[in-house]
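Chain by chain, the residues run as shown.
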Amino acid sequence: MPTVSVKRDLLFEALGQTYTDEEFDELCFEFGLELDEITSEKDIISREQGDDKAKGASDVVLYKIDVPANRYDLLCLEGLVRGLQVFKEKSDAPLYKRVSPADGAEPQRLVITEETQSVRPHAVAAVLRNIKFTQERYDSFIELQEKLHQNICRKRTLVAIGTHDLDTISGPFTYTAKAPSDIRFKPLSQSKEFTAAELMTHYKTDSHLRHYLHIIENEPLYPVIYDSNGVVLSMPPIINGDHSKISLNTKNVFIECTATDLTKAKITLDMMVTMFSEYCQEPFTVEAAEVVCPDGRELAYRTETLSGEFINKKVGINESAESIAQLLTRMCLRSEVTGEPNQIQVEIPPTRSDVIHACDIMEDAAIAYGFNNIVQSTPQTYTVANQFPLNKLTELLRQDIAAAGFTEALTFALCSKEDIADKLRKNIKKTKAVHIANPKTAEFQVARTCLLPGLLKTIAANRKMPLPLKLFEISDVVLKDETKDVGACNNRRLCAVFYNKSPGFEVIHGLLDRIMQLLDIKPGSENGYHIQAAEDSTFFPGRCAEIFLAGKSIGHLGVLHPDVISQFELTMPCSAIDLNIEPFL
């Protein structure tokens, strides 16, 4: 959950009321938030860097508030105050308006060229006219951009926000893409001009911007926005130009959002303009900017109609439609009862992109009603819960294998292709592995098809521990299965390894016999279990056996091949058992 830090005194001033810490904590709970921490800048620096670094830092009390991940309208002081004021019925939810430029002037235009299609094809824009900044408002404005970048914008990969002083630039604006060597401008907070290629090198050591360079650095063309005089506004998603930077004296703000996802871009722009339009000379108005291909001008309201009976039934209350409409209005969802019996029409503002289904509206009604006010009742349907049989078997085996002297490990469900193929001397095409379409790291390319690689890597990381090392894991692997509707299935398996100066095949064989004894399965080729010699590339030739239950193969055990041992950077012999436990049910 995102955390918003606000100055307590500034918050109370905006709310028009002072609360004790306990009272404000209760208010947050009622509104569906959580007061996570009460601290100060000095305390934070002291905790992270020591008391010496904290000298001279501010003692102003800060409230750190946890906000639901989909409530982008609560990521700044302005949205938080607005939501709480409406919730406490101290003010009405504002009506946001899209207006045309004054005196019949032409709207600002942002023209998108075809070159952007290969890198960041979408853009939307708007203007906040006659806005009045103070230091606190300016800081909040900048902080909201950063919060949105980290959340809905997915660290600028989906959307990048640019804010500019409109009085320093001249429209129409052009959003295009050029070769890095053809882009030259002075970036924000720099004293000289750079080409785009030089900037990428310059910012590789920047603690903040270096995290975004990978988004475009391997592209042949970089996105860039120019004004009509050729002045660079920004090179999204990296940096804005210094020429159009905003300040406390800025009166007119041009906001542009470039994106790979148009829907996310519109939501982001709506959040920026709705949160700070209250500081405009005409509050809650936003000037439309014309975007030529595609068009992204709307400040979209939409309506949903649902019944009071639906909300009463789902929440567990018995309120009239008029009362429910009033509850929803407290959550910034203007609502009224329609002409049809018990039907409520709900207006969803551009600030509430989290409302996508009737269930979201029902949840807001429950929050406004107060979860503590819902009367507890006994469910009309009685059910008796049972543990899933496979999980019950897993828990029982875990306890007894641990009692046999093995230590349980819990390894990653994802691994590299090498782990399940090359390192185990197998062909990746024959492993039935489920591949990750866009792996972020070479360590997590596929879902594991067996548990052995994870245990061997765990032993490699603990080689300095006293011998012998005896590890086991009981968990799921994922295998391709064309008979399943999703094309894959989970399979619960047991894997154990013994690592020592001698192979210890007898230890692993003894563990198999102990497992079968616990499951009350007798040795036998027809109805019991038996093992027989087998060849498996993962195991040493002549030291591998296949395990059969009632005539069906359920796994292997044996001494691992020396090549497998060396691939996992181990130096001593190792025995292992790999067993499918689902047939025991």
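Residues numbered from 1 in each chain as written. Predicted model: local features only at pLDDT ≥ 70, side-chain atom pairs only at ≥ 80, totals over all residues. Heavy atoms only, no water.

With that settled, the discussion passes to the sheet that holds strand 23 (residues 469–480). Read from one edge of the open sheet, seven strands run 20-23-24-28-27-26-25, paired in mixed fashion. Two strands in the sheet have a free side with no partner beyond their single neighbour: strand 20 (407–408) and strand 25 (529–533). Bridge count for strand 23 against strand 24 (residues 488–499) is twelve bridges, and the pairing is antiparallel. Residue Lys 470 lies in a different strand from strand 24, and its bridge partner there is Phe 498. Helix 12 (residues 389–403) contacts strand 20, strand 23 and strand 24 of the sheet and is inclined by roughly 160° relative to strand 23. Its contacts with the sheet place helix 15 (residues 505–518) against strand 23, strand 24, strand 25, strand 26 (539–549), strand 27 (552–560) and strand 28 (574–580), and it is angled at close to 155° to strand 27. (Pairing = 2+ DSSP bridges. Helix = DSSP H or I, 4+ residues; strand = E, 2+ residues; numbered from the N terminus. Contact = heavy atoms within 4.5 Å. Axes fitted to C-alpha atoms, helices over the stretch in contact; angles between N-to-C directions.)

So, on to the domain arrangement of the protein. One can read the domain layout of the protein as domain 1 (3–88), domain 2 (97–199 + 206–292), domain 3 (302–368) and domain 4 (405–584). Averaged C-alpha coordinates put domain 2 and domain 3 at centres separated by 36 Å. Listed per partner, the contact involves five residues of domain 2 and four residues of domain 3. Between domain 2 and domain 3, the buried area comes to about 330 Å², and carbon and sulfur atoms account for 76% of it. Inspection of the region where domain 2 meets domain 3 yields zero salt bridges. (Domains from an automatic or database assignment. Buried area = accessible area lost by both parts, 1.4 Å probe. Salt bridge = Lys/Arg side-chain N within 4 Å of Asp/Glu carboxyl O.)

Looking now at a negative patch on the surface. Residues Glu 22, Glu 23, Asp 25, Glu 26, Glu 30, Glu 34 and Asp 36 make up a contiguous surface patch of negative charge. Residue assignment for the negative patch shows that the elements contributing at least two residues are helix 2 (21–31) and strand 2 (34–40). When you line up the elements, Glu 22 lands in helix 2. (Patch = residues over 30% accessible without salt bridge, like charges linked within 9 Å, V, L, I, M, F, W, Y side chains within 5 Å. Areas by Shrake-Rupley, 256 points an atom, 1.4 Å probe, with all protein chains shown as cover. Lys, Arg positive; Asp, Glu negative; His and termini not counted. Charge placed at Lys NZ, Arg CZ, Asp CG, Glu CD.)

On to the packing of helix 2 against helix 5 (residues 77–87). Taken N-terminus to C-terminus, the directions of helix 2 and helix 5 make an angle of 80°; their axes are 11 Å apart at the nearest point. One finds that helix 2 runs roughly perpendicular with respect to helix 5. Where helix 2 abuts helix 5, its residues Phe 24, Leu 27, Glu 30 and Phe 31 lie against Gly 83, Leu 84 and Phe 87. Tallied by class, residues from the contact of helix 2 with helix 5 come to five nonpolar, one polar and one charged. (Parallel < 35°, antiparallel > 145°, perpendicular 65-115°, else oblique. Nonpolar A, V, L, I, M, F, W, Y, C, P; charged D, E, K, R; others polar.)

The subject of this paragraph is the pattern of salt bridges. Tallied over the entire structure, the rule returns 23 salt bridges. In this structure, Arg 109 and Glu 290 form a salt bridge, with 3.7 Å as the shortest nitrogen-oxygen distance. Residue Arg 109 is found in strand 5 (residues 109–112), and its partner Glu 290 is found in strand 16 (residues 290–292); the two are separated by 181 residues along the sequence. By relative accessible area, Glu 290 is classed as partly exposed at 25%. (Buried < 20%, exposed > 50% of the residue type's maximum accessible area, 1.4 Å probe, protein only.)

Okay, the environment of Pro 341 next. Relative to the helices and strands, Pro 341 resides in the loop between strand 18 (335–337) and strand 19 (343–348). Placed 62 residues apart in sequence, Pro 341 and Ala 403 show a C-alpha to C-alpha distance of 66 Å.

Below, the discussion takes up the environment of Ile 367. In this fold, Ile 367 is placed in helix 11 (residues 358–369). By relative accessible area, which is 9% here, Ile 367 ends up buried. Separated by 165 residues in sequence, Ile 367 and Gln 532 place their C-alpha atoms 63 Å apart. Residues within four places of Ile 367 in sequence aside, it is in contact with Glu 30, Phe 31, Gly 32, Phe 87 and Met 331.

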